[in-house]
Structure formats: C-alpha cells, structure tokens
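Here's the letter readout for the chains.
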Amino acid sequence: MFDTHLTERGGDGCRTGEALVRELEEEVKKLRSALTANAPVDQAIGVILAVAQTTAADAWDDLREMSMRTGVRLGALAEQVVEWGRTGLLSDDIRAELERRLTVRSAEHRARRQPTRGIPPR
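Residues numbered from 1 in each chain as written. Predicted model: local features only at pLDDT ≥ 70, side-chain atom pairs only at ≥ 80, totals over all residues. Heavy atoms only, no water.

The name given to the protein chain in an unreviewed UniProt entry is ANTAR domain-containing protein, with the source organism recorded as Streptomyces typhae.

1. Section: the pattern of salt bridges
Using the criterion set out here, one finds nine salt bridges in the structure. For Glu-97, the salt bridge identified is with Arg-69, shortest N-O distance 3.1 Å. Highlighted residues: Glu-97 in helix α4 (residues 92–113) and Arg-69 in helix α2 (residues 56–70), separated in sequence by 28 residues. For Glu-97, a relative accessible area of 8% gives the class buried. Arg-100 serves as the salt-bridge partner of Glu-97, at 2.9 Å between the closest nitrogen and oxygen. Of the two residues, Glu-97 and Arg-100 are both situated in helix α4; the distance of three residues between them amounts to about one turn of the helix. Exposure remark for Arg-100: the relative accessible area of 28% places this residue in the partly exposed category. Among the charged side chains, a network of salt bridges with common partners joins Asp-58, Asp-62, Arg-101, Arg-105 and Glu-108. (Salt bridge = Lys/Arg side-chain N within 4 Å of Asp/Glu carboxyl O. Helix = DSSP H or I, 4+ residues; strand = E, 2+ residues; numbered from the N terminus. Buried < 20%, exposed > 50% of the residue type's maximum accessible area, 1.4 Å probe, protein only.)

2. Points about the packing of α2 against α4
Following both chains from N to C, one finds α2 and α4 inclined at 140°, their axes separated by 10 Å at the closest point. Between α2 and α4, the angle falls in the class oblique. Our pair here, α2 against α4, has a crossing hand that is right-handed. Where α2 approaches α4, its residues Asp-58, Asp-61, Asp-62, Glu-65, Met-66, Arg-69 and Thr-70 are matched on the opposing element by Asp-93, Ile-94, Glu-97, Leu-98, Arg-100, Arg-101, Leu-102, Arg-105 and His-109. Looking at the contact of α2 with α4 residue by residue, the class counts come to four nonpolar, two polar and ten charged. (Axes fitted to C-alpha atoms, helices over the stretch in contact; angles between N-to-C directions. Parallel < 35°, antiparallel > 145°, perpendicular 65-115°, else oblique. Left-handed = near helix turned anticlockwise from the far one by under 90°. Contact = heavy atoms within 4.5 Å. Nonpolar A, V, L, I, M, F, W, Y, C, P; charged D, E, K, R; others polar.)

3. Section: the side chain of Arg-105
Structurally, Arg-105 is set in helix α4. Only 3.3 Å separates the side chain of Arg-105 from the backbone oxygen of Asp-58, close enough to count as a polar contact. Among the polar contacts made by the side chain of Arg-105, one reaches the side chain of Asp-62 at a distance of 2.6 Å. In this view, Arg-105 contacts Thr-54, Asp-58, Asp-61 and Asp-62; residues no more than four positions away in its chain are not counted. (Polar contact = N/O pair within 3.5 Å; in protein donor to acceptor, adjacent residues only side chain to side chain.)

And the structure:
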C-alpha cells in the first residue's frame with residue numbers, strides 16, 4: 001500500500017508513512033464530525049439573527065445564555081431553534097426564554113441609540 005520506508009521526523013521520533021496517513025485520516029474524521037456537530041448551532045444563530053436583527057456575536061450570546069438558563073444542552077437547543085424557524089413550533093419554556101432574551105437585547109439596542117442629554121458637542 002504505502003512505502004513503509006517513508007518516515008517523517010517529528011518531536012516524538014520517526015513515524016512510518018502508513019502511521020502518518022492513519023493519523024491524518026483520524027484528524028479528517030474528527031474535523032468532519034466537528035463540522036456536522038456545529039451546523040445546528042450556526043443555523044440557530046442565523047435564525048436568531050433574522051428574528052432579532054442583531055449581530056452574530058449577540059445571537060451566539062443569546063443562544064448560549066438560553067442554554068444555560070433552560071438547562072438544555074446547546075446542541076439540542078440549537079436544533080429546536082432551527083425547527084422553530086422552519087415550523088414555528090417551540091416548547092413553552094424555550095419560547096419564554098427566547099422572548100426574554102430578545103426583549104433584553106432590544107432594550108440594550110434602544111439604550112445605545114438614545115441620544116445623550118445635555119449640551120450638544122460643538
């Protein structure tokens with residue numbers, strides 16, 4: 001299959017070409033798994049972005065906060081938010097927390113946009 005005389009010098013000594021290929025195949029497998037696992041979270045951030053008209057960073061914070069406050073694992077919560085974006089269906093506890101987060105976020109944005117009172121700058 002592979003020339004076993006091929007080696008790579010590394011901090012841990014020599015590895016055969018076959019061993020290096022196995023390590024790289026395992027790394028590719030882990031990276032593919034991570035991409036698949038993160039997809040629902042990224043999609044849920046997109047749903048929150050669309051609904052709340054906020055930034056990706058704020059949507060991520062909202063999702064993470066909702067997970068902590070509801071005790072629902074982040075991945076499971078993300079899947080539910082994505083499903084809500086598709087069907088409009090969401091459990092009552094998560095819906096209440098989402099509404100609370102969006103209300104807080106909206107108030108924060110309004111506070112940032114309000115002009116300061118006092119003498120205007122020259």
